[in-house]
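# Observations on the model geometry
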Amino acid sequence: QMVLSEKVNQLMEWASKRSVIRMNGDKFRRLVKAPPRNYSVIVMFTALQPHRQCVVCKQADEEYQILANSWRYSSAFTNKIFFAMVDFDEGSDVFQMLNMNSAPTFINFPAKGKPKRGDTYELQVRGFAAEQLARWVADRTDVNIRVIRPPNYAGPLMLGLLLAVIGGLVYLRGSNLDFLYNKTGWALAALCFVLAMTSGQMWNHIRGPPYAHKNPHTGQVSYIHGSSQAQFVAETHIVLLFNGGVTLGMVLLHEAATSDMDVGKRKIMCIAG
């Protein structure tokens, strides 16, 4: 009980200063691996040093910090669960001990026993958005965390700018609003929306996947996800370009068949389409 109390007090002291506790090999073995323990520890294994060039690690770290801060400053905060981080350059021995060869990786070390299969977060399937991590934490520890994101004013500013532009156009062309009935303009706007939705942009918004994945050992960058249950942001951009190309081809074929241009130009449009 004396040892357990000291460990809890130490973790609480660190958590009061920083929501995500940075650990090296010694701290990890003493506070996470060694019994006794009546608390769970969520650990992110990562490689944040610039020379590691792990873009995904930085993106995942931002979401992890949001989750940890949401818990640390919640009225429900207790010593039942702690959030920690082991960076490869500070705890490479921990990576070797756990036979871990990729980052970032999230593992829940439960209060009793060893981590089971479900205690390793399926990053490639679920993405690393703070909300997704919170659902996984609730499933593994019964601790429900309400994610509170810092305010982002980019969206309202862009909406305000758009409304200002539309209002300015209406004011300047108040006597001539024929542009509102321009079928080509509405068609382009609808087409852009359809291409964005069919390429998976809403899935990206909900799941928060990384833009691409870089293998920390080989340096190879993957833009296409290996699973049919997930995707990268780059993958949706590729799909969007393909869909746009198919649509442009259909438009060119239609114009080649119905346009009043000379036959030579129509042939070029038909071949390109």
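It should be emphasised that the depicted structure is a prediction, and the values quoted were computed from it without experimental measurement. (Residues numbered from 1 in each chain as written. Predicted model: local features only at pLDDT ≥ 70, side-chain atom pairs only at ≥ 80, totals over all residues. Heavy atoms only, no water.)

### Notes on the domain arrangement of the protein
Think of interface size as the accessible area that goes away when the parts come together; that is how it is often given. Per the domain assignment, the segments of the protein are domain 1 (4-141) and domain 2 (182-272). Put simply, the middle of domain 1 and the middle of domain 2, counted by C-alpha atoms, are 38 Å apart. Residue-level contacts link 13 residues of domain 1 with 15 residues of domain 2. When the two sides are added together, the surface that domain 1 and domain 2 hide from each other amounts to roughly 1,000 Å², 50% of it contributed by carbon and sulfur. The largest per-residue losses of area from domain 1 upon contact with domain 2 belong to V56, Q124 and V125, which jointly make up 39% of the total buried on that side. If you look at where domain 1 meets domain 2, you find zero salt bridges. Remark: the boundary between domain 1 and domain 2 carries one residue pair in polar contact (both at pLDDT 80 or more). (Domains from an automatic or database assignment. Contact = heavy atoms within 4.5 Å. Buried area = accessible area lost by both parts, 1.4 Å probe. Salt bridge = Lys/Arg side-chain N within 4 Å of Asp/Glu carboxyl O. Polar contact = N/O pair within 3.5 Å; in protein donor to acceptor, adjacent residues only side chain to side chain.)

### Notes on the nonpolar core
Ranked by internal contacts, the top residues of the largest apolar core, which has 30 residues, are L67, F83, F106 and V137. Looking at this core, the elements that each hand over two or more residues are β2 (40-46), α3 (55-72), β3 (81-87) and α6 (130-141). No other element matches α3, which puts eight residues into this core. Excluding residues that lie within four positions of it along the chain, F106 makes contacts with V43, M44, A60, Y64, D119, T120, Y121, L123, L133 and W136. Listed in part, the 22 residues of the second largest apolar core include L4, A15, V41 and I107. (Core = buried A, V, L, I, M, F, W, Y, C linked by side-chain atoms within 4.5 Å. Buried < 20%, exposed > 50% of the residue type's maximum accessible area, 1.4 Å probe, protein only. Helix = DSSP H or I, 4+ residues; strand = E, 2+ residues; numbered from the N terminus.)

### As for the packing of helix α10 (residues 233-258) against helix α11 (residues 263-272)
Look at α10 against α11: their axes get within 8 Å of each other, and the N-to-C directions meet at 155 degrees. As the angle between them shows, α10 and α11 are arranged roughly antiparallel. You can see that α10 and α11 cross each other, and the crossing is left-handed. Contacts between α10 and α11 involve L252, L253, E255, A256 and A257 from the first element and R266, M269, C270 and A272 from the second. Broken down by class, the residue content of the contact of α10 with α11 amounts to seven nonpolar, no polar and two charged. (Axes fitted to C-alpha atoms, helices over the stretch in contact; angles between N-to-C directions. Parallel < 35°, antiparallel > 145°, perpendicular 65-115°, else oblique. Left-handed = near helix turned anticlockwise from the far one by under 90°. Nonpolar A, V, L, I, M, F, W, Y, C, P; charged D, E, K, R; others polar.)

### Observations regarding a nonpolar patch on the surface
A contiguous nonpolar surface patch, about 580 Å² in accessible area, is contributed by Y211, V221, Y223, I224, I238 and F242. Of note, V221 is situated in strand β6 (residues 221-222). What makes V221 partly exposed here is its relative accessible area of 35%. (Patch = residues over 30% accessible without salt bridge, like charges linked within 9 Å, V, L, I, M, F, W, Y side chains within 5 Å. Areas by Shrake-Rupley, 256 points an atom, 1.4 Å probe, with all protein chains shown as cover.)

### Notes on the UniProt feature "transmembrane region" (unreviewed entry) in the protein
The UniProt record marks residues 153-172, 184-203 and 238-257 with the feature "transmembrane region" (unreviewed entry), using the residue numbering of this structure. Between the end C-alpha atoms of residues 184-203 there is a gap of 28 Å, over a span that is 90% helix and 0% strand. Helix makes up 100% of residues 238-257 and strand 0%, with an end-to-end C-alpha separation of 29 Å. (UniProt positions renumbered as here; feature names shortened; annotations may be inferred.)

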